[in-house]
Amino acid sequence: MEIGITSFVETTPDLQTGEVISHAQRLREVVEEIVLADQVGLDVFGVGEHHRKDYAASSPAMVLSAAASLTKRIRLTSAVTVLSSADPVRVFQDFATLDGISNGRAEIMAGRGSFTESFPLFGYELGEYDELFDEHLELLLNLQKSEIVNWRGGHRPAIHNLGVYPRPVQSPLPIWIGSGGNQESVVRAGLLGLPLTLAIIGGSPERNFGPLVQLYKQAAAHAGHDASKLTVGSHSLGFVAEDTELAADLFFPSTQAGMNKIGKERGWGHYSRASFDAARSYDGALYVGDPETVARKIVHLRKNVGITRFMMYVPIATMPHDQVMRAIELLGTEVAPRVRAELAEWEVENDKNHRDHTLKEEL
C-alpha cells in the first residue's frame, strides 16, 4: 500500500485575514511540503495542473523538478496533467527530464481535468474535449514505447521518423489515468492496462467506487492484462491532527470555503458542517481525524474497494502552512506505519487462506 499527498497549490484568500498568498510563496511552500513528505517516508507526491488565479501550479513538472534534487525516495507525479489541451510531446519531454533529475521517480497522471481554462488559453476547442484526449493519449503512449516515433492524428501535425528526447531513466515511464469516476475512463484505463487513480471526494467509497474498480479490472482482464498486477489509487480529501475533533475543526473552514467556491461555479448545494461531519463517518469519503482514525479508514478502503495507493489531498483551500506540514508529518510517521503493519498481516492471512483453499481443491 503506497501512501502520499496530492496538492493543487492553492492561493485562495486566508479565511482570517483575507490576504492572498503570492504564487511565488505558495510554490516555495509546496516544495517544502514535498521535501517533508520524503523525509517522513511517504511514497508519492502529486501536483495538479491548473490555469486559474487561485492555483499556482500551471506546470507540475516544473514544481516537481524543483523538489527532485532535494528528495531521495519519494515518487513525483502530476495529479493530473490536463492532456486534452497539452502537447503530448512536450508533456513526455518534461516528465522525462524530471525522471532524469530524480533518477527514475517521475510519473505522469493523464486526465481531462475538471476545469476548462486551458482550452482557450492554448487554442483548443472545448467541443473536441473527448476526441483530443483520446488522440493525445495515443501519442503519449507511442512516445512511452519508442524513441523514434511515427504517428499521425487528426488535430496535431504528424510525426515522421523523429526521435523524442531526453529519454527517461525508467523504461517505460509510468503513465496513469486519472478519473473522477466516469465509467468510460475507467474502462479505457483497464483496456490499455494502465494504472488508475480515482478522485474519491464524495459519497461512499465502497458503494460508489468499489464497482468502478471491479469494472476496471474486468476490462483489463478482457484485454488480456493481468488485473492483479494493476495499481488503483485514490485522490481523497483528508487531514491529520493529534486529536480527531481538532483535525475536524482545523480542516472544516478551508474545506467549506473551497467546496462552496467551486460549488457556486457549478451549481452545487451549500456545503455545511453537517455535510462535512457526515463525510467523516467510517464509510464516508473524508479522511479527517487522529492517526488511528485515518489509518483505520485507509485500511478499510484497501480491503473493501481495492485501492493500493492512497493520496491525501490537503488542503482544498488555503490553510496555514504549519498546519499542512504537521498533517504531512503525522501521515508519514503515524498513519502510514499503522496502515502498512495491518495490511501486511491481512495479506499474509489472505495468502494462507488461498493456499489452504487450493490444497483442499487438489485433494
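**Q** What should I look at first to understand empty space enclosed by the protein in this one?
**A** Unoccupied space between atoms shows up once a probe the size of one water molecule is rolled over them. Going through the model one piece at a time under the given rule, you end up with two cavities of 30 Å³ or more. The computed volume of the largest cavity comes to approximately 70 Å³. Around the largest cavity, the lining residues are Thr12, Arg52, Asp54, Tyr55, Gly258, Lys261, Ile262, Ile316 and Ala317. Within the lining of the largest cavity, the residues separate by chemical class into four nonpolar, two polar and three charged. Looking at the second largest cavity, its volume works out to about 50 Å³. Around the second largest cavity, the lining residues are Pro205, Glu206, Tyr282, Asp283, Gly284, Tyr287, Lys297, His300 and Leu301. Elements supplying a minimum of two residues to the lining of the second largest cavity: α7 (205-222) and α10 (291-305). Element by element, the count of residues in the lining of the second largest cavity is highest for α10, at three residues.

**Q** Before we go on, may I ask you to explain the pairing of strand β1 (residues 2-7) in this structure?
**A** Two faces, one strand: in a regular strand the side chains alternate between the faces of the sheet. β1 sits mainly inside the fold: five of its six residues count as buried. Pairing geometry for β1 and strand β12 (residues 309-313), over five bridges, is parallel. Bridge pairing links Glu2 to Arg309 in β12. At this point the chain moves from β1, through helix α1 (residues 23-39), to the parallel strand β2 (residues 44-47), and the crossover so formed is right-handed.

**Q** Would you mind showing me how to read α7 here?
**A** Quick reminder: α-helices carry 3.6 residues per turn. Residues three or four places apart thus point the same way. Between its first and last C-alpha atoms α7 spans 25 Å; for 18 residues at 1.5 Å apiece the expected length is 26 Å, and the two agree. Those residues of α7 lying buried are Pro205, Phe209, Gly210, Leu212, Val213, Tyr216, Ala219 and Ala220. Its buried side turned inward, α7 meets α6 (183-192), β9 (196-199), β10 (232-240), β11 (287-289) and α10. Remark: Gly224 follows α7 within two positions and exhibits a positive phi of approximately 90°.

**Q** Would you mind going over the side chain of Ser118 with me for this structure?
**A** Position of Ser118 relative to the elements: it lies in helix α4 (residues 118-122). A polar atom in the side chain of Ser118 sits 2.6 Å from the side chain of Ser85. The contact partners of Ser118, leaving out residues within four places of it in the chain, are His51, Val82 and Ser85.

**Q** When you look at the pairing of strand β6 (residues 148-151) in this model, what are you seeing that I'm missing?
**A** Across the two faces of β6 the burial differs, with Val149 and Trp151 buried and Ile148 and Asn150 not buried at all. Sheet analysis places β6 next to strand β7 (residues 159-163), joined by three bridges and oriented antiparallel. Across the sheet, residue Val149 finds its bridge partner in β7, namely Leu162.

**Q** Just checking my understanding: could you explain the environment of Glu138 for this structure?
**A** Locating Glu138 in the fold gives a position in helix α5 (residues 129-145). On the basis of relative accessible area, Glu138 is assigned to the partly exposed category, the value being 42%. Sequence separation of Glu138 and Ala66 is 72 residues, and the distance between their C-alpha atoms is 29 Å. Dropping the residues within four chain positions of it, Glu138 is found in contact with Trp151 and Arg152.

**Q** Just to check I follow, could you spell out the layout of surface pockets for this structure?
**A** What the largest pocket holds in volume is close to 860 Å³. Elements with a contribution of two residues or more to the lining of the largest pocket: β5 (106-111), α5, β8 (175-179), α6, β9, β10 and α8 (244-266). Split by residue class, the lining of the largest pocket holds 20 nonpolar, 16 polar and six charged. Computed from the structure, the second largest pocket encloses a volume of approximately 260 Å³. For the second largest pocket, the lining is made up of 17 residues, of which Glu49, Ser58, Ala86, Val91 and Asp94 are closest to its centre. Put simply, the parts of the chain that give the lining of the second largest pocket at least two residues each are α2 (60-68), β4 (81-82) and α3 (88-101). The dominant element in the lining of the second largest pocket, judged by the number of residues it contributes, is α3, at four residues. Here the residues of the lining of the second largest pocket are counted per class, giving eight nonpolar, five polar and four charged.

**Q** Just checking my understanding: could you explain the environment of Leu27 for this structure?
**A** As for its position among the elements, Leu27 is in helix α1. For Leu27, a relative accessible area of 27% puts it in the partly exposed group. Residues Leu27 and Ala57 lie 30 residues apart in sequence; the distance between their C-alpha atoms is 7.3 Å.

**Q** Quick question: what am I supposed to make of the nonpolar core here?
**A** For soluble globular proteins, the rule of thumb is that nonpolar side chains tend to be buried together. One finds Leu42 and Met312 to be the most contacted residues of the largest nonpolar core, which totals 103 residues. If you tally residues by element for this core, the top one is helix α11 (residues 321-362), at ten residues. When residues no more than four places from it in sequence are discounted, the contact partners of Leu42 are Ile3, Gly4, Ile5, Ala37, Arg73, Ile74, Ile328, Leu331, Gly332 and Arg340. Residues Val44, Val80, Trp176 and Met311 belong to the second largest nonpolar core, which totals six residues.

**Q** Just checking my understanding: could you explain the side chain of Thr71 for this structure?
**A** With respect to the secondary-structure elements, Thr71 resides in the loop between α2 and β3 (75-78). A residue is classified by how much of its surface remains accessible, and Thr71, at 7% relative accessible area, is buried. Of note is the side chain of Thr71, whose polar atom sits 3.0 Å from the backbone oxygen of Ala67. Looking at Thr71, its side chain comes within polar contact range of the side chain of Arg105, at 2.9 Å.

Each value, and the rule that gives it
- Residues numbered from 1 in each chain as written.
- Predicted model: local features only at pLDDT ≥ 70, side-chain atom pairs only at ≥ 80, totals over all residues.
- Heavy atoms only, no water.
- 1 Å grid on protein atoms, 1.4 Å probe; cavity = no way out; pocket = protein on both sides within 12 Å on 5 of 7 lines; lining within 4 Å.
- Points joined across faces, edges and corners; volume = space filled by probe spheres on them.
- Nonpolar A, V, L, I, M, F, W, Y, C, P; charged D, E, K, R; others polar.
- Helix = DSSP H or I, 4+ residues; strand = E, 2+ residues; numbered from the N terminus.
- Buried < 20%, exposed > 50% of the residue type's maximum accessible area, 1.4 Å probe, protein only.
- Pairing = 2+ DSSP bridges.
- Right-handed = clockwise from strand over helix to strand, strands pointing away.
- Expected span 1.5 Å × (residues − 1).
- Contact = heavy atoms within 4.5 Å.
- Polar contact = N/O pair within 3.5 Å; in protein donor to acceptor, adjacent residues only side chain to side chain.
- Core = buried A, V, L, I, M, F, W, Y, C linked by side-chain atoms within 4.5 Å.

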